[in-house]
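# Secondary and tertiary structure notes
These are the residues of each chain, in order.
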Amino acid sequence: MTTVRVRNATKTFGRTTALDDVTLDAGPGVTGLLGPNGAGKTTLLRVIATVLAPDRGAVTLMGRDPARPSDRTRIRERLGYLPQDAGFHRGFTVFEFIDYVAILKEMTDRRPRHDEVRRVIALTGLAAVSAKRIRALSGGMRRRVGLAQALLGDPDLLVLDEPTVGLDPEQRLRFREMISQAGEGRTVVMSSHQTEDITALCATIAVIHQGRARFTGTPAELTARADGRVWTDERRSPAAITAWRTGDGTYRNVGDPPARAELIPPTLEDAYLLLMGEPGREVTHS
Amino acid sequence: MTAWHLDPEAIRRYARGSVPPGLAASAEAHLMGCATCREVIGALVDPRRAEAIWHEVADRVDAPRRSGPERMLVRLGAGEATARLVAATPTLRGPWLLAVAGVLALAAWAAQVDDRFLLMFLVVAPLGPLAGVAGAFAGGLDPTREIGLATPYSGLRLLLIRTVAVLAVTTPIVALAGLALPGSWWPAVAWLLPTAGLTGAALALTSRLTPVVAVGVVATAWLLVTAPAAVAGRADLAFGPGAQVVWLAVALGGGLGLAVTRNAVSIKLGRSA
């Protein structure tokens, strides 16, 4: 079942092409967009969140066309969105802010709306700070507030832009757990430039670079692309696209190995670096 | 652990909610420390009633406190949700309103010092409310704009709620500044219909443009129309009786245009996205 269907989407801002003929499908589970800063991930997520319309191409979300006003409203009723730079009315308490977003989500009856606000606050572990003003919260807690508002109304499609950015390792693990739970039974599309997050969470990934989808498939398929192309050596190899000194003093080289190189199993990060280092190659797995 | 327990009849009456408040308070004090009586009463209380009471308590404890303006709006008949949306309008905050009041006070003061600046006040006056409408949807001022854009709340309704709220607050500020103008009462009110006309025109453009751009287009057109008249000292060209009829027509036309294109109104991200 395909919840998100993007076909040949192109979006430009002045002379900048943010999306260039991107095609993407996403169904239940977590789909990850991986790519460097400025790659076009945010623009693609904004298109999926119905916040931006592509200049060209077709988008279908939950079987509806977001270009049609009535369909767009129906989509938004079943959509949760956490933008990259989610802003807050900092004078609001956590409860007040989430309640405000719940009003925008057309939850007009006060009692059930407050019940729903309490539900997402409990789900994201914010109960202890529910009455605190958002300006008094840490960055990680604010990110949780952002996730909580996205979960209002138990949406079928959850769009999360860099949900783990700026979080410390422990907070990132907690966030992964929450996103993983959110992905059970619904479609989550998230972006990250952290390959660990993508490896841990996503069944499907798309690597976006310079507005184009360089790869779509599973993390295992992307990792497999680096088979036989990662090796260790006592020095940085001139054949490597990228190499770095590891904790044990040897160099991890990624690229085209020389003869008799000591090959090691690749990681998703290796494959991602290879893909970024070879922008001409585009691979799409079905 | 206590040595005594509540009378079974008292427990039944308490569970039904039919004991007087004094006895209820004393029963509750005992129940706090007596697991045995709590167990007994647990079996007697209707789960639906317990659920309803719990909801009532939870709602009173953590429900958002209404701000002063929200309470006033609810008293005036606005819905609780609408009052909250108005209260979150960024250009209804103190610093913004102070800035608008400051600019207008300066313009009014200049007009008092030299009545050639009277026209400057009339040119500036409609821009205050208009800028407030634009600012209500500007990304830099509305921190939750992008979250709001992905919600099903009607763009038209939000546009109208915020526009009315901004006009309701800024128009009296402009009117107060107008009272400080020298000469006849006419300059103090001559900005009203132009303000209505410019707002109507901006609203009509929101089916195609973002509110910020729509206001920018209208404000630029306004300056192009009024600046030459101001330089030439011909207030009547922009603010005379004939011009007032034109502004009234623009306001009505804008309203009509908004009504016709109401289904196409959708608050959008600007190019900065």
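Residues numbered from 1 in each chain as written. Chains lettered and ligands numbered in written order. Predicted model: local features only at pLDDT ≥ 70, side-chain atom pairs only at ≥ 80, totals over all residues.

## Considerations on the overall build of chain B
Of regular secondary structure, chain B possesses 16 helices and zero strands. For a compact globule of 273 residues, the expected C-alpha radius of gyration is about 19 Å, and chain B comes in at 29 Å, more than 25% above that figure. If you line up chain B on its principal axes, its C-alpha atoms span 95 × 40 × 30 Å. Of all intrachain contacts in chain B linking residues separated by at least 6 positions in sequence, the fraction that spans at least 24 positions is 74%. (Helix = DSSP H or I, 4+ residues; strand = E, 2+ residues; numbered from the N terminus. Rg over C-alpha atoms; globule rule 2.2 N^0.38 Å. Contact = placed C-beta atoms within 7 Å.)

## Here we look at the environment of Met120 of chain B
By the secondary structure assignment, Met120 of chain B is in helix α8 (residues 118-124). Ignoring anything within four residues of it in the chain, the contact list for Met120 of chain B reads Ala107, Ala110 and Ala230 of chain B.

## Overview of the sheet that holds strand β10 (residues 230-233) of chain A
Residue and element names in this part refer to chain A. Pairing is antiparallel in the open sheet, where four strands are placed in the order β11-β12-β10-β13. Two strands close off the open sheet at either side, each with one partner strand: β11 (240-245) and β13 (262-263). Note that β10 and β13 share two bridges and pair antiparallel. Residue Trp231 lies in a different strand from β13, and its bridge partner there is Leu263. Each of β10, β11 and β12 (251-255) touches helix α9 (residues 268-277); the most contacted strand, β11, lies at about 140° to it. (Pairing = 2+ DSSP bridges. Axes fitted to C-alpha atoms, helices over the stretch in contact; angles between N-to-C directions.)

## As for the packing of helix α7 (residues 94-113) of chain B against helix α11 (residues 155-179) of chain B
All names here are of chain B. Where α7 contacts α11, the two axes come as close as 9 Å, and the packing angle between them is 25°. The angle between α7 and α11 falls in the class roughly parallel. Along this stretch, α7 crosses α11, giving a crossing that reads as right-handed. When α7 is examined against α11, the residues Leu97, Val100, Ala101, Leu104, Ala105 and Ala108 are found in contact with a partner set consisting of Val169, Thr170, Ile173, Val174 and Ala177. Of the residues in the contact of α7 with α11, the class split is ten nonpolar, one polar and no charged. (Parallel < 35°, antiparallel > 145°, perpendicular 65-115°, else oblique. Left-handed = near helix turned anticlockwise from the far one by under 90°. Nonpolar A, V, L, I, M, F, W, Y, C, P; charged D, E, K, R; others polar.)

## Regarding the nonpolar core
If you look at the biggest cluster of nonpolar residues, it comprises 147 residues, and the most contacted ones within it are Phe97, Ile98 and Val159 of chain A together with Phe121, Leu122, Leu130 and Ala202 of chain B. Sort the elements by how many residues they give to this core and helix α3 (residues 94-104) of chain A lands first, with nine residues. Here Phe97 of chain A is in contact with Phe88, His89, Phe92, Ile134 and Val145 of chain A, once residues within four sequence places are set aside. Judged by nonpolar contacts, the second largest core, of five residues, contains Leu6, Ile11, Ala27 and Cys37 of chain B. (Core = buried A, V, L, I, M, F, W, Y, C linked by C-beta atoms within 7 Å. Buried ≥ 20, exposed ≤ 12 C-beta atoms within 10 Å, placed from the backbone.)

## Some words on the confidence of the model for chain B
As a note on interpretation, predicted positions should not be read in detail where pLDDT is low. Across chain B, the average pLDDT comes to 82, with 95% of residues at 70 or higher. In the predicted assembly, ipTM is 0.87 and pTM is 0.82. (pLDDT = per-residue confidence, 0-100.)

## Observations concerning the pairing of β10 of chain A
Bridge count between β10 of chain A and β12 of chain A: four bridges; the pairing is antiparallel. Looking at β12 of chain A, one finds that Thr232 of chain A is bridged to Arg252 of chain A.

## Re the sheet that holds strand β2 (residues 16-26) of chain A
All names here are of chain A. Here three strands make up an open sheet; going across it, the order is β2-β1-β4 and the pairing antiparallel. Both edges of this open sheet fall to β2 and β4 (56-61), since each of them pairs with a single strand only. Here the strands of the sheet are splayed against their neighbours by 20° on average, with no regard to which way each runs. Summarising the sheet, strand β1 (residues 4-13) and β4 pair through five bridges and their orientation is antiparallel. When the sheet's bridge partners are listed, Thr10 is paired in β4 with Arg56.

## Quick word on the environment of Arg172 of chain A
Residue and element names in this part refer to chain A. Relative to the elements of secondary structure, Arg172 occurs in helix α6 (residues 169-182). Separated by 25 residues in the primary sequence, Arg172 and Asp197 place their C-alpha atoms 8.3 Å from one another. Residues in contact with Arg172, not counting those within four places in the same chain, are Thr164 and Leu167.

## Thoughts on the packing of helix α9 (residues 127-135) of chain B against helix α14 (residues 211-231) of chain B
Residues and elements named next belong to chain B. Taken N-terminus to C-terminus, the directions of α9 and α14 make an angle of 160°; their axes are 8 Å apart at the nearest point. Judged on the interaxial angle alone, α14 and α9 are roughly antiparallel. Contacts between α9 and α14 involve Leu127, Leu130, Val133 and Ala134 from the first element and Pro211, Val212, Val215, Val218 and Ala219 from the second. Classifying every residue of the contact of α9 with α14 gives nine nonpolar, no polar and no charged.

## Describing the interface of chain B and chain A
Every contact between the two is made by 27 residues of chain B and, on the other side, 36 residues of chain A. At the level of secondary structure, the elements contributing two or more residues to the side of chain B that touches chain A comprise α4 (47-62), α6 (80-87) and α10 (145-149) of chain B. Of the residues contributing to the side of chain B that touches chain A, the split by class is 15 nonpolar, six polar and six charged.

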